[in-house]
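A look at the structure
Letter by letter, the chains look like this.
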Amino acid sequence: MAAQSGLSHPALVRGGVSVFPPVPLSAEAAPFTPMEPSGWGPGSQSEAEKLFSNCAIKLRALRADSVQLKEELNLLFDQLLSENYNRTFEPAVNIRPEDVCSLLKHASCLVPLTQEHLVIKLCQVVHHLLNQLKVIMYEHTLDVLVNYTAGALKVCSTWTHTDVLLALSTVVYGNGPQCHQHLSDLLGEEGFLLQYSSPSQSNMELRRVALTCMANICLRIPGQPPLDDQYRSVCFQAFLKTLQSTKPPDTDELFYCMVIQAALKGLQCCLSGGKWKFGGGEELGSVLAALKRLMFQGAPGVIVEWPAVLYPAPLPQYESLSAAKTAESPKSLEPPKDVAVPGKSKKRKSKGKGKKTKTEESRGDEREEGDAETVPALLKGRAEEKQPASFLYPSWKLNSSDSEFSDLEGNAQSKLRVNHGRVRQGALHCLLVVVKAVEKRTLYGYWSSFIPDSPIGGSPPLTLVTIILKDLSPKVRLCALQVLSAMLDSSRQFLAVAEDTASPRTSYTPFSFTLATAIRELHRTLSLALLAETSPQTLTQVIKCLAYLVANAPYHRLRPGLLTQLWKQIRPYVRHRDVNVRVSVLTLYGALVTTQAPLPEVQLLLQQPDHSSSMGVFTPQDSGLSWRQRDGVSSPSRTPVKHSQRSSSTHSPHIPHTPGEEDSRRLWLLQLCVTLVTQPREDQSDSEGVGGGAALEPPPVRLEALQVLSHLVRGYFPLTQHYLCEIGQVSARCLGETDTSIQLHGAKLLEEFGSGIIQQYRAENNVPESSRVPISQVVQFWSEVLSGPLNRALQNEQHPTLQASACDTLSSILPQAFAQLPDKTQLMCITVLLGLTYIENYLVKTAAVRALGIYVLFPCLREDVMFVADTANTILAALDDRSTNVRAKAAWSLGNLTDTLIVNMESVGVDFQEELSDMLLLKMLQAATRAAADKDRVKSNAVRALGNLLHFLRQSQMTRPAFQQPLEDAVRALVKTVQSEATMKVRWNACYALGNAFRNPALPLGKSAWSHEAFSALCHVVTSCKNFKVRIKSAAALAVPAHRGCYGDTERFTRVWCSLATALENSEDTNDFLEYRYSASLRHTLSQALLHLLSVSQSQDMLGLGTSLASEEGTGIREHLMKYLRAEEGGGEEAEKDIRGESLHPRERIGSVEQILIRIKGLKVEGEEERGKEMLSGPSSVEPAPSLDSGDRHPLCF
């Protein structure tokens, strides 16, 4: 029966080795008993085991030449088929897989293919044993059984093939790749499976089993290789043809539904069996069109002409009414006469036959979750006049008053209705697989076919929303919501175009407005589903779907109001009796406070008084909270919470507030989350706390509440900063609990709050002093936290993840507050972090090294030579770790430490450089050089550290023999990185590092052999790199050397000039639009670099410079330099700063150019002075530079 309803259970192969399910070790486990030679334990066999053992012994004793072979085989097969081996009903059944394989192999040798009745019984035995015992077969057994069944298909009569294929489908379940020797016979052009699965096959049962067999071949078990693409493609086409074919005229609808179910399951296995790429043309559109048609299989009132192919389009493809049934469709779409509709309170009772039909439907797993109810008063007035009332209210709420069928007819109709529901459910499952398999950008073109854009204008289109609101089966509605959630997931980039804040256009509708309308329609329809849904599982998915919508929609580009309505509507569900519903509501609140935070609309909602968001809100779920009162029995755990009680229950009595702050700063959501985490639940269900006193909320609710608190602190810190003490108490309580997950979320909450304080004190954020958390409160906050359970979490070696999270919390201390902590507290933090870097667990080591990399930037610690040295030694040890994550964080921390060295060199001076050990510097230089050859994650910060170290080294250190080779290796490592095919971020850092190294006046740039390689690499990048940001940084590096001697001889200097000039000429040549936005900044940096070269040039360079400026290229250079002087091109912040990061006014630029010109005029070149001036002078027609104080024309005239 299992195979007839879907896929048979596996008979799996694992390379010839039997794999047994793991048995957990336990003190209560039965003692080990050695097996007898026959394989069965003495005195412990169940009836099923005894029967199987006896049959196996008798079967092994049979010989092919036995006179009574046929009768004995028939009797043994009947005995094997009569027993139930399902471990669900008989847990004590313990039949070894090898015994089953041995029995089946021996039986297949005894039954000749000419004895068709015995062949059928053997196939039934194969299916029965493999399906119920979940046997993992040997590879030889698989080969024998596939050979036997394939031979039976060739030799035996057609009437036996249904049972043969049923056995084959059980044998090949998940073993498709292992059957490669037989796939050509089964799936070839003349293969049996292709013939029997063809739409021309009249035997529907044979067709269904063939499709099931193909689905089992395509099924992929985790850990196994996928089926060969050739055969997957063959199966895919067979499944698609079945889905596209219409029902044969003389075929029963029920059998047709079962065939479609098998094809849908097969298509699902085919698409999820490995990476799948849809072919060109209309293949994807054909699949989506077939699935959309089957999504509405058997749905009442849906009589349309479905398109054969769906095409990518920004507007929906409306289905047209079927011509043959146009006259019937209006009648079928009308609501029944005796239907509860909005505005009518009268409701007739159903008769017994109607109840019987519903009962039989429940036997088919399609039972409804609640009785039909009248529409709540809230829906009054929402119905639009152009649409019938039944459209606005979900159809599963509308029930007929009388049964239209007799008992037998009702039973048949119930089965058909159940199978129609399974077809719809299978189509949606298949669509979910397609949504996950297809690239998001490709799928966006088909959105309009599955998501509505507007409720106005004629009959609404048939979309996923139609199923969510109108399908009778809660399972189908759940599947539709899962598909919609998958489509909305990660759609932020696509939905970012949506906008409806501007006034609507009358001439045409922009695509941005269409997307905005679709978002509003999704809000409207999902809100209706939220109000009407009665199934807790489906209700949970409705709220999750809303969370996906909120997380991806651009509400800052939409008219306000959507989130306000949703905020108020989900408020009552926080107290829902189902735990999963409560968790999903908190997930939705988390999405609301995360999306585009801080959002003004959400900020106003957070600041609303408690009563304003709950007055007048009623949902059908409110009645569900007190469901026991319907029968006149009140339960304390189900008594509805009054408004005053809710208000008081969501606020902690221990929170101090000044009278003026209470109304304006009270955050209902924050108080709710604190209550859910710390307070006992008031209304507990039967399974929660009965007889055990007051109990806290279940762990999933508490964890989600802590996550909402973290999101709230991250996105709306100015509102939550007033709850400093309360958040500290909540975190301390969580850290003191035994549940590791609660402890982790408590530490995360502390980290978010600490990060929020740090952001307030950053100078670039310009937060007024009066709006910041006072330093005294921050110091007190961290003093209490560090003296509490956080210290125990840091030392909890049994839970490394908690230790790592505690390290992250330590790294979020405000530097100014850390300086005011007691000395013993500071010493404790540093000591703990240094010690945790020697823990073997990579998570702990990574977090500890990262925290030290942050501490080394603290002003109160960076001048402490001992701390810097200890941190450096710890980082050097971590750079040799085998974990890439540890090495990446160690390189990042080394970059921070070398940043500190540069700051100390500029602020403290030579004293700090002399105190730091030369040997430690040498080790850091060598370690950073080795790390520069590591993976990109490590390399990006290793080159940053190299640049800082080369900048920090003194003249006395560079002249020492021990430093000369490491110095050369370090520069060559930077050069190699610049020229490599690494990521652009790595190359950008390498160019920056070379420029940083060039700032060291002690670096022998003009004399060393490696300097030529460094300049050549930068010249190559500035002219050829596709990434403009890398070009900008390389041009800035070429302009760093302060003296002419650093550039080497005249040939190298001229090459640098020509490279910059070529890069300036090609600064607008790019095929990537994203790079074009940096072209202005690139031209600015190149112009500044060229002027810098002119400012340091000497007489021997005039010939090369003059030749360049006199050429055609020189005309472009003069034009760009003139634009630079006039500051006509605004390139953003980067374009307004020179290579040294100093902002220059246009007047200052012109003044610096005048000084350059005066210096050039003073240069004397024997024999070529006049020629050089003539070449440097531009054509007389060029417009002179503006605002020059002297009236004379300069030799370099722009």
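An unreviewed UniProt entry lists the chain under the name HEAT repeat-containing protein 6, from Astatotilapia calliptera.

**Examining the side chain of Thr846**
With respect to the element layout, Thr846 can be found in helix α40 (residues 842–855). Take Thr846: its relative accessible area is 13%, and that puts it in the buried class. Here Tyr842 takes part through its backbone oxygen, which lies 2.6 Å from a polar atom of the side chain of Thr846. Among residues more than four places away in sequence, those in contact with Thr846 are Asn885, Val886 and Lys889.

**Topic: helix α25 (residues 579–592)**
Here α25 spans 20 Å end to end across 14 residues, near enough to the 20 Å set by a 1.5 Å rise per residue. Those residues of α25 that sit buried are Val579, Val581, Arg582, Val583, Ser584, Val585, Leu586, Leu588, Tyr589, Gly590, Ala591 and Leu592. For α25, the secondary structure elements touched by its buried residues are α23 (536–552), α24 (562–570), α26 (600–607), α30 (668–678) and α31 (699–715). The N-terminus of α25 is capped by Asp578, whose side-chain oxygen sits 3.0 Å from the backbone nitrogen of Asn580.

**Regarding the packing of helix α20 (residues 474–488) against α23**
Close contact between α20 and α23 brings their axes to 9 Å; oriented N to C, the two are set at 15 degrees. As the angle between them shows, α20 and α23 are arranged roughly parallel. Like other packed secondary-structure pairs, α20 and α23 cross with a definite hand, here left-handed. From α20, Pro474, Arg477, Leu478, Leu481, Gln482, Leu484, Ser485 and Leu488 reach across to α23, where they touch Gln537, Thr538, Gln541, Val542, Cys545, Tyr548, Leu549 and Asn552. Tallied by class, residues from the contact of α20 with α23 come to nine nonpolar, six polar and one charged.

**Some points on the packing of aromatic side chains**
In the structure shown here, the tally under the stated rule is 18 aromatic pairs. Their ring planes at 0 degrees and their centres at 6.0 Å tell us that Trp988 and Tyr992 sit as a pair that is stacked. Remark: Tyr992 and Trp988 occur in helix α49 (residues 984–998); sequence separation between them is four residues, near one turn of the helix. Exposure remark for Trp988: the relative accessible area of 28% places this residue in the partly exposed category. On the basis of relative accessible area, Tyr992 is assigned to the partly exposed category, the value being 40%. A cation over an aromatic ring shows up here: Lys292 above the ring of Phe450, its NZ or CZ 5.9 Å from the ring centre. Directly above the aromatic system of Tyr761 lies the positively charged group of Arg772, at a separation of 4.9 Å from the ring centroid.

Rules behind the numbers
- Residues numbered from 1 in each chain as written.
- Predicted model: local features only at pLDDT ≥ 70, side-chain atom pairs only at ≥ 80, totals over all residues.
- Heavy atoms only, no water.
- Helix = DSSP H or I, 4+ residues; strand = E, 2+ residues; numbered from the N terminus.
- Buried < 20%, exposed > 50% of the residue type's maximum accessible area, 1.4 Å probe, protein only.
- Polar contact = N/O pair within 3.5 Å; in protein donor to acceptor, adjacent residues only side chain to side chain.
- Contact = heavy atoms within 4.5 Å.
- Expected span 1.5 Å × (residues − 1).
- Axes fitted to C-alpha atoms, helices over the stretch in contact; angles between N-to-C directions.
- Parallel < 35°, antiparallel > 145°, perpendicular 65-115°, else oblique.
- Left-handed = near helix turned anticlockwise from the far one by under 90°.
- Nonpolar A, V, L, I, M, F, W, Y, C, P; charged D, E, K, R; others polar.
- Phe/Tyr/Trp six-rings, centres within 6.5 Å; stacked < 30°, edge-to-face > 60°.
- Lys NZ or Arg CZ within 6 Å of the ring centre and 35° of its normal.

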